[in-house]
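# Chains, contacts and geometry: an overview
So you can see what is in the structure, the chains are spelled out below.
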Amino acid sequence: AYANLDMAVFEEEVLSMANQKPLAYFRFLDDIFIIWPHSLEHFNQFFDLLNNHRQSIKFQYTISESSVDFLDVTVYKGQKYMHEQILDTKVFFKPSDTHELLHKSSFHPKHTFAGIIKSQIMRFWRISSDTHNFDLACSTLFKALREKRNYSHRFLRTIKRNAVDLLIA
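Residues numbered from 1 in each chain as written. Predicted model: local features only at pLDDT ≥ 70, side-chain atom pairs only at ≥ 80, totals over all residues. Heavy atoms only, no water.

Enumeration according to the criterion identifies 12 aromatic pairs in this entry. For the pair Y151 and F155, a centre-to-centre distance of 6.0 Å together with 35° between the ring planes defines the contact as tilted. Each member of the pair, Y151 as well as F155, carries the same accessibility label: buried. Members of the aromatic cluster, joined through ring pairs, are W36, F43, F46, F47 and Y61. Above the face of the Y76 ring, K90 is positioned so that its terminal group lies 5.1 Å from the ring centre. Directly above the aromatic system of F113 lies the positively charged group of K104, at a separation of 4.5 Å from the ring centroid. (Phe/Tyr/Trp six-rings, centres within 6.5 Å; stacked < 30°, edge-to-face > 60°. Buried < 20%, exposed > 50% of the residue type's maximum accessible area, 1.4 Å probe, protein only. Lys NZ or Arg CZ within 6 Å of the ring centre and 35° of its normal.)

What follows is the structure in structure tokens.
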């Protein structure tokens, strides 16, 4: 909690000193998402300001004209952007994500297994801006659960159908 408060003060100080400011600035713990509407030169000046404001705090960045991963979301310029300037989103799985959820043979109440899968499906639904990306995220998780955690295809399909029915109701 203290680190978050300290970072909030740090950000207020830096943003008040910056000549050019981000269009959007979001931070969760140590991950920051910025939409920068100015030149690359101005971004480099802003980034230098961030890195030189306090010697104990250093930043790294990734710049992309088309997509960026932030937490468990990929924000990208898809078809909607080409026509309506609306960014799309899909689930981002870090390379280190092993999908090691509760093994089906563990001694937990039966409803726990369904609840874990349902919560992941609901998260995928909320993150994905279209059904294609939602289905891809579910397929990625379900494949790992079948192969590594002993879940049946039928069980996963039933949980997905029930969860989606609740979400679209």
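So, next bit.
What follows concerns helix α6 (residues 153-168). Three- or four-residue spacings in an α-helix give side chains the same orientation, since the helix completes a turn every 3.6 residues. Its 16 residues give α6 an end-to-end C-alpha distance of 22 Å, which sits within 8% of 22 Å, the value for a rise of 1.5 Å per residue. Within α6 the residues assigned to the buried category are F155, L156, I159, K160, A163 and V164. The buried side chains of α6 occupy one side of the element, clustering within an arc of 155° when seen end-on. The exposed set on the far side of α6, more than 90 degrees from its buried face, consists of R154 and I168. Against α4 (110-127) and α5 (131-149) lie the buried residues of α6. (Helix = DSSP H or I, 4+ residues; strand = E, 2+ residues; numbered from the N terminus. Expected span 1.5 Å × (residues − 1). Arc of directions from axis to C-beta. Contact = heavy atoms within 4.5 Å.)

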